[in-house]
Amino acid sequence: MKIAVCVKQVPEAQHKRLDPQTKRLDRSGEGALNSFDANAVEEALRIKDAAGATEVVLVSLGPERAVDALRKGLAMGADRAVLVSDDAAAGSDLVATSLALAKALERENADLVLFGQQSGDADGAVLWAAVAERLRRPVVSQAAELTVADGKARVKRQTEFGYDVIEAPLPAVIAVSDAINEPRYPSLKGIMGAKKKPQEILSAAELQLDASQLGEQGSKTEVYALEDPPPRGDTQKIDDDGSAPQKIVDFLGEKRLL
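All values derive from a computational prediction rather than experimental measurement. (Residues numbered from 1 in each chain as written. Predicted model: local features only at pLDDT ≥ 70, side-chain atom pairs only at ≥ 80, totals over all residues. Heavy atoms only, no water.)

Enquirer: Looking at this structure, I do not really get the sheet that holds strand β11 (residues 162-169). What am I missing?
Expert: In sheet architecture, strand pairing relies on hydrogen bonds along the backbone and comes in two forms, parallel and antiparallel. Reading across from one edge, β11-β10-β9-β12-β8-β1-β6-β7-β13 is the order of the 9 strands in this open sheet, with mixed pairing throughout. Two strands lie at the open edges of the sheet, namely β11 and β13 (199-202), each paired on one side alone. Each strand of the sheet is rotated relative to its neighbour by a mean of 30 degrees, with strand direction disregarded. For strand β1 (residues 2-6) and strand β6 (residues 55-61), the ladder comprises 5 bridges, and the chain directions are parallel. Bridging across to β6, C6 finds its partner in V59. Where helix α1 (residues 35-51) meets the sheet, its contacts fall on β1, β6, β8 (112-116), β9 (139-149) and β12 (172-176), and the angle it forms with β8 comes to roughly 150 degrees. On top of the sheet, helix α3 (residues 94-108) reaches β1, β6, β7 (80-84), β8 and β13; it is set at about 155 degrees to β6, its chief contact. (Pairing = 2+ DSSP bridges. Helix = DSSP H or I, 4+ residues; strand = E, 2+ residues; numbered from the N terminus. Axes fitted to C-alpha atoms, helices over the stretch in contact; angles between N-to-C directions. Contact = heavy atoms within 4.5 Å.)

Here it is as structure tokens:
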């Protein structure tokens, strides 16, 4: 059994900013492996140990420097990494990104594809569904527990009201939540060994993709403008000297909210 984990390099929290010229997230600063994706890598490694998977491969779309983030996953224990990197892919939205990842995953033909539930930059939480649709595979999200046996994935899925237990035949796509595990810290040996593991960089052409299918040309969404959020309205601070409940009632009454 082969497991593929889709991962992403995201800007460090302190470096997040929107570029007013491109109207896109500025990715020129320091980047790191998306935290939810670390949970997905950890779960893949645990399944590999428990179910005897043959390989864990990381798959990503991004600039060539995104290899640095992939190396963390390799240091954790993944076997190799595949990065789709092409200048034409800059500015790809959900539609274009899902196409590039699906093409790379078709090439890998993994039995199980894992995603982190969402990314720390866009917080979209839908990419895994779009990729599963392109691959025509069953998909389960918000996985809090995951076991693989007898050609099936069994998922304990978080919901608003508790948990659902869902079984899906392999091959399947699973998006894991951050409640599923605690990612391991890479050891010094793992960090040094990551540099020697296979790290393949593919262009759009190598995936038989035309440049017009990626980036802004291949995207179906467009940002028209960026604006600062409106200033906060007038606020009233109420100190609790024993009369706070009455002051709150009076305030709500003035606003005709009672």
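Enquirer: I keep staring at the nonpolar core and nothing clicks. Help me out?
Expert: Soluble globular proteins tend to pack their nonpolar side chains together in the buried interior. One finds I3, V5, L58, L114, L146 and I174 to be the most contacted residues of the largest nonpolar core, which totals 37 residues. If we skip the residues at most four places from it in the chain, L146 touches E43, I47, L114, A153, R154, V155, I174 and I180. Counting residues in hydrophobic clusters, the runner-up holds 29 residues, among them A4, C6, A132 and A175. (Core = buried A, V, L, I, M, F, W, Y, C linked by side-chain atoms within 4.5 Å. Buried < 20%, exposed > 50% of the residue type's maximum accessible area, 1.4 Å probe, protein only.)

Enquirer: Is there a simple way to think about unusual backbone geometry in this case?
Expert: In most cases, non-glycine residues show a negative phi, while peptide bonds are predominantly trans. Omega for the peptide link from L170 to P171 comes to 5 degrees, which places this bond in the cis form. The topology assignment puts P171 in the loop between β11 and β12. For Q142, which is not glycine, the phi dihedral falls at a positive 55 degrees. With respect to the element layout, Q142 can be found in strand β9. Despite not being glycine, Q208 has its phi angle at roughly 60 degrees, a positive value.

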